[in-house]
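As a plain string of letters, each chain reads:
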Amino acid sequence: MATNISEQPAKASGTYRIGGDVTVNRLGYGAMQITGPGVWGDPKDPAEAVRVLRRAVELGVTFIDTADSYGPFVSELLIREALHPYADDLVIATKAGLTRSGPGDWRPVGRPEYLRQQCELSLRHLGLDTIPLYQLHRIDSKVPLADQLGELALLRQEGKIRHIGLSEVSVAQIEESRAITTIASVQNLYNLANRSAEDVLEYCERNDLAFIPWFPIATGELARPGGPLDAISTAHGASPAQLALAWLLRRSPVMLPIPGTSSVAHLEENVGAADVRLTDDEFESLAKAS
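Sequence order as written defines residue numbering, which begins from 1 separately in each chain. In keeping with the predicted nature of the model, local features appear solely for residues at pLDDT of at least 70, side-chain atom pairs appear and are counted solely at 80 or more, and the whole-chain, interface and lining totals rest on all residues. Each side-chain value is derived from all of the structure's non-hydrogen atoms; neither hydrogens nor water enter the calculation.

**Q** Where do I start with the environment of leucine 192 in this structure?
**A** Numbering of helices and strands runs from the N terminus, with a helix taken as a DSSP run of H or I at least four residues long and a strand as a DSSP run of E at least two residues long. Turning to its location among the elements, leucine 192 is positioned in the loop between strand S10 (185-189) and helix H6 (198-207). Only protein chains enter the accessibility calculation, which uses a 1.4 Å probe. A residue is then buried if its area is under 20% of the maximum for its type, exposed if over 50%, and partly exposed in between. By relative accessible area, which is 0% here, leucine 192 ends up buried. Separated by 43 residues in the primary sequence, leucine 192 and alanine 235 have C-alpha atoms spaced 19 Å apart. In what follows, a contact means two residues having at least one pair of non-hydrogen atoms within 4.5 Å. Residue contacts for leucine 192: discarding those within four places in its chain leaves Ala218, Leu222, Leu229, Ala244, Trp247, Leu286 and Ser290.

Printed below as a string of structure tokens:
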């Protein structure tokens, strides 16, 4: 029997085809927070992390975003433990290009042999034959971009990855990258309170590239009592976080928000944002307020 949207609310966010052929429900899940403090080591409650991942899929999430550096590898291994063998419609994206030397420490490394090694390890840790979306976590300024993306293009030719994405890039860097190989997605910091990547989002819209906003539910001063989110929250019976996600989903059809959490309760709240429908006036008032 078919599952309806009320049982799988993520379906209400609509769909997007990454690279033109990988369909996902637009409201996804970011798996960074299921690791330990500083995105380092194992979580305090591994069983809860597994429950969160399984509940996300139950709620209709078909797009999970992770990275080799989350843990490192802890997030990927938990995803495999919780969800392997994967449902046919589940798309797992991961990244390489940031190394870890301790909690909270992130250092770009884009040498081709390193990126290849990390791809092979991610395939093994996730239990995949092909990674649907493999993202360069950061461009390494010490390595020619053509060498970094060239290696990912080779991995794609070998069938180890399907699509290539970028993270934390400018419009100029996207254009330079697209001159080297086909790019399917861009993941930049973007939320209702911080829209410094607006030009990147607009570029993605014009060129039908998926835009994956990380840290998507930041609301800043907008959520203060009496602030712009307060009255709309009351009107919809929705939390500020839900409104922030609803605003992102309304903002662009190429937007794929990936709110992360280590709590089932917070996960259910976040995914509930897919059911929130802002009016034109509400959408514009929030856009202007920030």
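**Q** Is there a simple way to explain helix H7 (residues 228-236) in this structure?
**A** Residues spaced three or four apart along an α-helix face the same direction, because each turn holds 3.6 residues. When we look at burial in H7, the residues that qualify are Leu229, Ile232 and Ser233. Taken down its axis, H7 places every buried residue within 110° of arc, on the same side. Exposed positions of H7 whose direction lies more than 90 degrees from the buried face are Ala231, Thr234 and Ala235. Residues of H7 that are buried sit in contact with helix H8 (240-251) and helix H10 (280-289). Remark: glycine 237 follows H7 within two positions and exhibits a positive phi of approximately 65°. To be clear, the arc concerns the directions from the helix axis to the C-beta atoms.

**Q** Just checking my understanding: could you explain unusual backbone geometry for this structure?
**A** In most cases, non-glycine residues show a negative phi, while peptide bonds are predominantly trans. Along the chain, glycine 71 connects to proline 72 via a cis peptide bond; the corresponding omega equals -10°. Locating proline 72 in the fold gives a position in the loop between strand S4 (63-65) and helix H2 (74-83). A cis amide bond links histidine 84 to the next residue, proline 85, at an omega of 0°. With phi around 70°, phenylalanine 73 is a residue other than glycine that occupies positive phi space. Positionally, phenylalanine 73 belongs in the loop between S4 and H2. For phenylalanine 73, a relative accessible area of 15% translates into the label buried. At glutamate 168, a residue that is not glycine, the phi angle is positive and equals roughly 55°. Mapping glutamate 168 onto the fold places it in the loop between strand S9 (161-167) and helix H5 (171-178).

**Q** For this particular structure, what's the right way to read the side chain of glutamine 148?
**A** Residue position: glutamine 148 is located in helix H4 (residues 145-157). Accessibility expressed as a relative area gives 0% for glutamine 148, which makes it buried. Of the polar contacts made by the side chain of glutamine 148, one reaches the backbone nitrogen of aspartate 140; its length is 3.0 Å. When near neighbours in sequence (up to four residues on either side) are disregarded, glutamine 148 contacts Gly110, Leu115, Leu136, Arg138, Ile139, Asp140 and Val143. Side-chain atoms alone can form a polar contact between residues adjacent in sequence; in general such a contact is a pair of N or O atoms within 3.5 Å, and within protein one must be able to donate a hydrogen while the other accepts it.

**Q** What exactly am I supposed to notice about the sheet that holds strand S11 (residues 210-214) here?
**A** Consider a sheet: its strands pair through backbone hydrogen bonds, and that pairing is either parallel or antiparallel. Strand pairing requires that DSSP identify at least two bridges connecting the strands. Spatial ordering of the open sheet is given by S3-S4-S5-S8-S9-S10-S11, a layout of seven strands whose pairing is parallel. Across the chains shown, the open sheet's two edge strands, defined by having one partner strand only, are strand S3 (29-30) and S11. Where S4 lies against strand S5 (residues 91-96), three bridges are found, and the strand directions are parallel. Bridged to isoleucine 64 within S5 is isoleucine 92.

**Q** Explanation requested: the pairing of strand S8 (residues 131-136) in the structure shown.
**A** Burial analysis of S8 places six of its six residues in the buried class, the great majority of the element. In this sheet, S8 lies alongside S5 in parallel orientation, the contact comprising four bridges. Of the residues in S8, the one forming a bridge with lysine 95 is glutamine 135. In the sheet, S8 pairs with S9 via five bridges, with the strands oriented parallel. Note that in S9 the partner of isoleucine 131 across the bridge is isoleucine 161.

**Q** What exactly am I supposed to notice about H5 here?
**A** Along H5, the residues that are buried comprise Val171, Ile174 and Ser177. On an axial view of H5, the arc spanned by its buried residues comes to 125°, and they lie on one face. Against H4, S9, S10 and H6 lie the buried residues of H5.

**Q** Just to check I follow, could you spell out the nonpolar core for this structure?
**A** Most often, soluble globular proteins have nonpolar side chains that are buried together. Among the nonpolar cores identified, the biggest contains 88 residues, and Ile18 and Phe63 are the most heavily contacted of them. Leaving out residues up to four positions away in the same chain, phenylalanine 63 has contacts with Ile18, Val24, Asn25, Gly28, Tyr29, Leu90, Val91, Ala93, Leu133, Ile212, Leu256 and Ile258. Residues belong to a common nonpolar core when they are buried Ala, Val, Leu, Ile, Met, Phe, Trp, Tyr or Cys residues joined through side-chain atoms within 4.5 Å.

**Q** Hey, could you run me through the pairing of S10 in this one?
**A** If a strand is regular, its side chains alternate between the two faces of the sheet. Across the five residues that make up S10, a large majority, four, are buried. For S9 and S10, the ladder comprises three bridges, and the chain directions are parallel. Across the sheet, leucine 166 pairs through a bridge with valine 186, a residue of S10. Crossovers are marked right-handed if the path from the first strand over the helix to the second runs clockwise, as seen with the strands pointing away from the viewer. Considered for its hand, the β-α-β crossover made up of S9, H5 and S10 is right-handed. Note: S10 against S11, five bridges, orientation parallel.

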